[in-house]
Each structure stands twice: as structure tokens, then as C-alpha cells.
Amino acid sequence: MSCLLISGRNEPCKDNLGGVERIYMTPYVEYNASQYTVVNNELTSFPPTGVVEFSTRPDDNNFSESWDGEIWNQTLSLKFNVKSIQMNLILKSIENNDVRVIVKMNNGTYKILGLSNGLTLDSYNSESGGGRADFNGYTVSFEGKELKQGSFITNPFNIGFQLQGNVLNYDFQNLLNFNYQDSINYQFQTS
């Protein structure tokens, strides 16, 4: 079997910053592939969706995608400074629910993870550290499996994503969110 190579690649300048600057998270809602558009691995349209912004530490944050011959494995590892009740509630609310995450990298590039199948909260740890200079906060890891590599996004807020305030989904005693008939989660807003 032959493949068609149409161009090569020059080594780019070494002014590219690694790491994750911030993420935008939304609960995973199953959409038909006809409800969003991906062209040449760029997400160009998406149904109107609210996202919540999380700033991250300037270091120790990363995501990776690896092809195993059948699927793309996506892993997102983040550190958030300072422990709080609000962050505990957020982590608790996504413990048993899948999410989609838009990653804004330190070089200004956006990429969406969990587009077709969502990401699962794989682990989170609360750390206090042993000294004044030690890390005090949360270490969080998400994992997902997709048939296609994560799509780039030029600007998520021009294709259907909308920044919203802090919204928490509270689980009821049976660990299910209250849903309307159209499967949209009922959400309690915090001020």
C-alpha cells in the first residue's frame, strides 16, 4: 500500500512555549457528528455550549495524545493552586460524569479533548505539602479515547462556545443529575 506525501516539514523556530495556560470545561453531551463540523482537523462549528474557565499553574500542566493503532488515547494532567470548598464541589460534581475540555496552550493554540466520547476524571489528589514552598492544591488527571485526534480550534468563542460564570452540577442522592426532558442538566448557579 502506498501513501501520497504532498509536503515536507521544516524545523520551526524554538520560540514555542509548552504547557497549558487554561482550560474551558463543559459537561459532555452526546451530539451527532452532523451537529458539529471538523475540517482538516479543525473544529469550525459546534452547537451553542456554555463553558467554565479554569486558570492553571504556569507549570506542570500538560496533555498528550497517543495513537495505539486503533484509537487516540487522550490524557490531561493539571495542577490547581489553593484548596477550596468550591473546587471540592466542582471535582465532586464531575467525579461520575464525562466532560469535554478545550485546552488553551501557552503558545495560544486551542485544542478540544473528548469531542466525540468525552473525558473521564481519572484521578484527583489534594496535597498540602510539607513546607512553605511546597505545592498546596489539587493534582487532577482526565483520560479519554477517541477515534480521531483532538481537533484544533482557531477561537472557541466564534464557533458556538460561550463563557459562563461558575456553574456547579449537584448530584442528588442517587448520584444522577436532575435532567430536563431534552437531557440538559439542571444547573445551580453560584454568584
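Everything here concerns the structure above.
Right, let's walk through the structure included here.

The rules behind the values
Residues numbered from 1 in each chain as written. Predicted model: local features only at pLDDT ≥ 70, side-chain atom pairs only at ≥ 80, totals over all residues. Heavy atoms only, no water. Core = buried A, V, L, I, M, F, W, Y, C linked by side-chain atoms within 4.5 Å. Buried < 20%, exposed > 50% of the residue type's maximum accessible area, 1.4 Å probe, protein only. Helix = DSSP H or I, 4+ residues; strand = E, 2+ residues; numbered from the N terminus. Contact = heavy atoms within 4.5 Å.

Remarks on the nonpolar core
Thinking step 1. Counting residues in hydrophobic clusters, the biggest one holds 23 residues, and the most contacted among them are Ile23, Met25, Phe54, Leu76, Val101, Val103 and Phe142.
Thinking step 2. Elements that contribute at least two residues to this core include exactly β1 (20-27), β4 (49-55), β6 (72-81), α1 (85-94), β7 (99-105) and β10 (137-146).
Thinking step 3. For Ile23, the contacting residues outside a window of four places in its chain are Val52, Glu53, Phe54, Leu76, Leu78, Phe80, Val101, Ile102 and Val103.
Thinking step 4. If you look at the next biggest cluster of nonpolar residues, it comprises twelve residues, including Leu43, Leu115, Ile153 and Phe161.

A closer look at unusual backbone geometry
Thinking step 1. Phi is positive for Asn40, close to 50 degrees, though the residue is something other than glycine.
Thinking step 2. Within the secondary structure, Asn40 sits in the loop between β2 (37-39) and β3 (42-45).
Thinking step 3. On the basis of relative accessible area, Asn40 is assigned to the exposed category, the value being 77%.
Thinking step 4. The residue Asn41 is not glycine, and still its phi comes out positive at about 65 degrees.
Thinking step 5. Along the chain, Asn41 falls in the loop between β2 and β3.
Thinking step 6. What makes Asn41 partly exposed here is its relative accessible area of 26%.

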